[in-house]
Amino acid sequence: MKFIARDIPPRPAWALEQAGTHPLLARLLAARGIRSADELDDAPARLLPPSDLHGLGTAATLLADAIDQGKRICIVADYDCDGATACATGLRGLALLGAKPNQLCYVVPDRALHGYGLTPPIVDMVRARQADILVTVDNGMASHEAVDKARALGMQVLITDHHLPVIDPQGQPSLPAADAIVNPNQPDCAFASKALVGVGVMFYVLLATRAELRRRGRFDAANQPRIDTLLDLVALGTIADVGKLDANNRRLVSLGLKRIRAGRMQPGLAALYRAAGRDPARASAQDFGFALGPRINAAGRLAEMGLGIECLITDDLDRADMLARQLDAINRERREVEAGMRDQAEMTLDSLLPEGEIPSALSLFDEGFHEGVVGIVASRLKDRLHRPTFIFARGQDGLLKGSGRSIPGFHLRDALDLVSKRHPGLLHRFGGHAMAAGCTIAPDDHERFKGALLAVADAGLDADLLSRRVHTDGALDGQWYTAEVAQLIDQAVWGPGFEAPVFCDMVEVVNQRLVGERHLKLSLRVQGQLRDGIWFGRSEPLPARTRLAFRLSLDEFQGRQRVQLVVEGADTAESA
């Protein structure tokens, strides 16, 4: 592991501090490209304008017409947290804009039965609900056949998505023949934030639809529906989908967090906070990624995402609590399944990997693997070995469903595209992003896929990219090891592209012991002071002196708060 110190430009750090930003936070923000306090303004007016989203005007007209004419709208969601929040945002937002309850319904695919996205069988389900308009959220860009079928059945189709379009054999983007497509990543879209996730796209669609209805005289600017009341859902989906936190996404998340801290959130979110044992008054982006998001995602992994969506759309407080408790129980089951799969995967790895040598990419399949948690296990192994990793499980249709996670410098979706071109017919379906992707292959093709992926990785990854790096913010001055500073850091919005602060320092390991069989509990001497620390997922003992990278965290026990160092890694080259 290699530590790389972030550059901290002194002038922006000074300017931020002079504008009233805490000295430590000023340094951290300057190191992440913030140049002035004006960039920290999260007022709604600072969000990117909807007008730059290609296709938004057509989509707004389509939905406004549907509301005016009493047409039935069916939302087709995805079975992850982004899809669930986008669906809930769409249903709540359209109701705010005047759609009657009998005009709105939704369909969400079953991961095991239907696979991902809008497919012809899903179109049949939408048609059975007597829908006039089919709206996708967080999916649809690859659904050419299904869109054609829906339109042939007389339905209008609106695709709202953020995934990359399919590339045709001539190397050109191929778009489904929908009535309207809103996606910042489609050709000719000038929207500056390409990192908008599915729920963010739906939020913008609602803003444009409100503007269209306002133009028609349905309401004026003084008494128009408040679409910003849905920003708690937008924030949750953005963080849970690991969306890159560019300036626009940071503002969306920050606005959502403000609503939650003020107690102005959907009943389902409040219930999820209670089920997770978290305090919404101190809501942070970490709550979305590690507490609420996993509980919503668990429904799509081991049960069906309808539970998660119902939790987010109900206004009945008792029903919200009941659904949140169900989601919490499913999440506990998910953790047990994941732990068993991870142990099995690691044993398989130990038996397959040559001593002292790790291939540039990994792919594992076992009959005992559960389709619902392959992505999580792939992520865990990727983190352990710092290699692009795929995990496959057998689906109900007999095909192998794989989920992959990647490392910086290796675009996983592009790698699958290259595999498909080199080995026609090997991939039945594939899609995804740079850091996460999925594919489906025949039961006997896993070894062939593993070899094809390894060949692409060998050509695209060098020793530098295969070396794990941790970007750090340097040593933390002793005066900042306080609960107040830890809370200040927690309250800021951190995530991909705007990573949470990681500090590093030489430490003396005073005491170390295993807790929970998997975690190393530490007593550390840092700059002459004793500090508590923990390294989650580490069981091997540390040397007496070592250089550690760590996050500052608040540990709460029996009502007492204490600062704790959460270790991210050790620089073994500087250990003694």
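Note: the structure precedes this text.
Asker: Could you clarify how one ought to interpret the side chain of lysine 382 in this entry?
Answerer: Assignment of secondary structure puts lysine 382 in helix α15 (residues 374-385). Classification of lysine 382 as buried rests on a relative accessible area of 17%. Not counting residues up to four positions away in its chain, the partners in contact with lysine 382 are Arg387, Thr389, Arg405, Ser406 and Ile407.

Asker: Explanation requested: helix α10 (residues 247-261) in the structure shown.
Answerer: Residue pairs three or four apart in sequence face the same way in an α-helix, which turns once every 3.6 residues. Over its 15 residues, α10 runs 21 Å from end to end, which matches the ideal 21 Å to within 8%, given 1.5 Å per residue. Burial within α10 is extensive, with 12 of its 15 residues counted as buried. Here α10 has its buried residues at Asn248, Asn249, Arg250, Arg251, Leu252, Val253, Ser254, Leu255, Gly256, Leu257, Arg259 and Ile260. Buried residues along α10 sit against α8 (198-215), α9 (231-240), α11 (267-276) and α12 (285-302).

Asker: Help me understand the state of the cysteines in this model?
Answerer: Cysteine pairs can be covalently joined through their sulfur atoms, and such a bond is termed a disulfide. Scanning all chains against the criterion turns up zero disulfides. Cysteine 81 takes part in no disulfide bond, and the closest cysteine sulfur, belonging to cysteine 311, lies 11 Å away. In this structure cysteine 81 comes out as buried when scored by relative accessible area, which is 1%. The structure places no disulfide on cysteine 105, whose sulfur is separated from the nearest cysteine sulfur, that of cysteine 74, by 3.6 Å.

Asker: It is not clear to me how the environment of arginine 264 should be interpreted in this structure. Could you clarify?
Answerer: Mapped onto the elements of the fold, arginine 264 is located in the loop between α10 and α11. In this structure arginine 264 comes out as partly exposed when scored by relative accessible area, which is 45%. Taking the C-alpha atoms as reference points, arginine 264 and threonine 229, 35 residues apart in sequence, are found 7.9 Å from one another.

Asker: Can you help me understand the sheet that holds strand β4 (residues 133-137) in this one?
Answerer: Sheet strands associate in pairs through backbone hydrogen bonding, adopting either a parallel or an antiparallel arrangement. With parallel pairing, the five strands of this open sheet are ordered in space as β3-β2-β4-β5-β8. Of all strands in the sheet, those with a lone pairing partner are β3 (104-107) and β8 (180-182), marking the two edges. Within the sheet, the average angular offset between the axes of one strand and its neighbour, ignoring direction, is 20°. Where strand β5 (residues 156-160) lies against β8, three bridges are found, and the strand directions are parallel.

Asker: What's the story with the pattern of salt bridges in this structure? I'm lost.
Answerer: A side chain with one charge may pair with a side chain of the opposite charge, provided their charged atoms come close. Under the definition given, this model contains 34 salt bridges. Salt-bridge contacts for arginine 380 lead to glutamate 338; the nearest nitrogen and oxygen are separated by 3.0 Å. Of this pair, arginine 380 sits in helix α15 while glutamate 338 sits in helix α14 (residues 317-352), placing them 42 residues apart in sequence. Here aspartate 532 and arginine 562 are joined by a salt bridge, their closest N and O atoms 3.3 Å apart. Of this pair, aspartate 532 sits in strand β17 (residues 529-535) while arginine 562 sits in strand β19 (residues 560-571), placing them 30 residues apart in sequence. Judged by relative accessible area, aspartate 532 falls into the partly exposed class, the value being 27%.

Asker: Sorry, what's going on with the pairing of strand β11 (residues 400-405) here?
Answerer: A regular strand carries its side chains on alternate faces of the sheet. Among the six residues of β11, six are classified as buried, and the element is accordingly described as predominantly covered. Going residue by residue along β11, you find Leu400, Gly402 and Gly404 tucked away on one face and Lys401, Ser403 and Arg405 tucked away on the opposite face as well. Where strand β10 (residues 389-394) and β11 come together, six bridges link them in antiparallel fashion. Across the sheet, residue isoleucine 391 finds its bridge partner in β11, namely serine 403.

Asker: Before we go on, may I ask you to explain unusual backbone geometry in this structure?
Answerer: Across residues other than glycine, the phi torsion is negative in most instances, and most of the peptide bonds are trans. Located in the positive-phi region is aspartate 188, a residue other than glycine, with phi close to 70°. Residue placement: aspartate 188 occurs in the loop between β8 and α8. The exposure class assigned to aspartate 188 is exposed, which follows from its relative accessible area of 71%. The phi dihedral of histidine 386 is positive, around 55°, even though this residue is not glycine. Tracing the backbone through its elements, the reader meets histidine 386 in the loop between α15 and β10.

Asker: Got a minute to help me understand the sheet that holds strand β12 (residues 429-432) in this structure?
Answerer: Overall, mixed pairing links the five strands, which are arranged β9-β10-β11-β13-β12 in an open sheet. Each edge of the open sheet carries a strand with a single partner, namely β9 (362-365) and β12. Adjacent strand axes in the sheet meet at a mean angle of 15° when their direction is disregarded. As paired elements, β11 and strand β13 (residues 436-441) share six bridges and run antiparallel to each other. Bridging across to β13, lysine 401 finds its partner in threonine 440. On the sheet, helix α17 (residues 446-460) packs against β9, β10, β11 and β13 and is oriented at approximately 170° with respect to β9.

Asker: What's the story with the packing of aromatic side chains in this structure? I'm lost.
Answerer: Two descriptors summarise a pair of aromatic rings, namely the distance from one centre to the other and the angle between the planes of the rings. Applying the stated criterion across every chain yields a total of seven aromatic pairs. Relative to tyrosine 204, the ring of phenylalanine 191 has its centre 5.1 Å away and its plane inclined at 75°; by these criteria the two rings are edge-to-face. One end of the pair, phenylalanine 191, is in the loop between β8 and α8; the other, tyrosine 204, is in helix α8, and 13 residues separate them in sequence. On the accessibility criterion, phenylalanine 191 (1% relative accessible area) is buried. On the basis of an interplanar angle of 75° and a centroid distance of 5.2 Å, the ring pair of phenylalanine 392 and phenylalanine 449 is categorised as edge-to-face. Pair noted here: phenylalanine 392 is in strand β10 and phenylalanine 449 is in helix α17, with a separation of 57 residues, a long-range link. Aromatic ring contacts, followed pair by pair, group Phe191, Phe203 and Tyr204 into a single cluster.

Asker: For this particular structure, what's the right way to read the environment of leucine 292?
Answerer: Here leucine 292 lies in helix α12. Spatially, the C-alpha atom of leucine 292 lies 31 Å from that of glycine 474, the residues being 182 residues apart in sequence. Those residues within four positions of leucine 292 in sequence are excluded, and the remaining contacts are Leu236, Leu269, Leu272, Tyr273 and Asp287.

Asker: I tried to follow the packing of helix α1 (residues 10-18) against helix α2 (residues 23-31) on my own but got confused; where do I start?
Answerer: Packed helices, taken two at a time, are described by the angle between their axes plus the distance between the axes. Put simply, α1 and α2 touch, their axes get as near as 8 Å, and they point 140° apart. Between α1 and α2, the angle is such that the two are oblique. Crossing geometry of α1 relative to α2 is assigned as right-handed. Residues Pro12, Ala13, Leu16 and Glu17 of α1 touch α2, and the partners they reach there are Pro23, Ala26, Arg27, Leu29 and Ala30. Among the residues making up the contact of α1 with α2, the classes are represented as seven nonpolar, no polar and two charged.

Criteria and thresholds
- Residues numbered from 1 in each chain as written.
- Predicted model: local features only at pLDDT ≥ 70, side-chain atom pairs only at ≥ 80, totals over all residues.
- Heavy atoms only, no water.
- Helix = DSSP H or I, 4+ residues; strand = E, 2+ residues; numbered from the N terminus.
- Buried < 20%, exposed > 50% of the residue type's maximum accessible area, 1.4 Å probe, protein only.
- Contact = heavy atoms within 4.5 Å.
- Expected span 1.5 Å × (residues − 1).
- Disulfide = S-S within 2.5 Å.
- Pairing = 2+ DSSP bridges.
- Axes fitted to C-alpha atoms, helices over the stretch in contact; angles between N-to-C directions.
- Salt bridge = Lys/Arg side-chain N within 4 Å of Asp/Glu carboxyl O.
- Phe/Tyr/Trp six-rings, centres within 6.5 Å; stacked < 30°, edge-to-face > 60°.
- Parallel < 35°, antiparallel > 145°, perpendicular 65-115°, else oblique.
- Left-handed = near helix turned anticlockwise from the far one by under 90°.
- Nonpolar A, V, L, I, M, F, W, Y, C, P; charged D, E, K, R; others polar.

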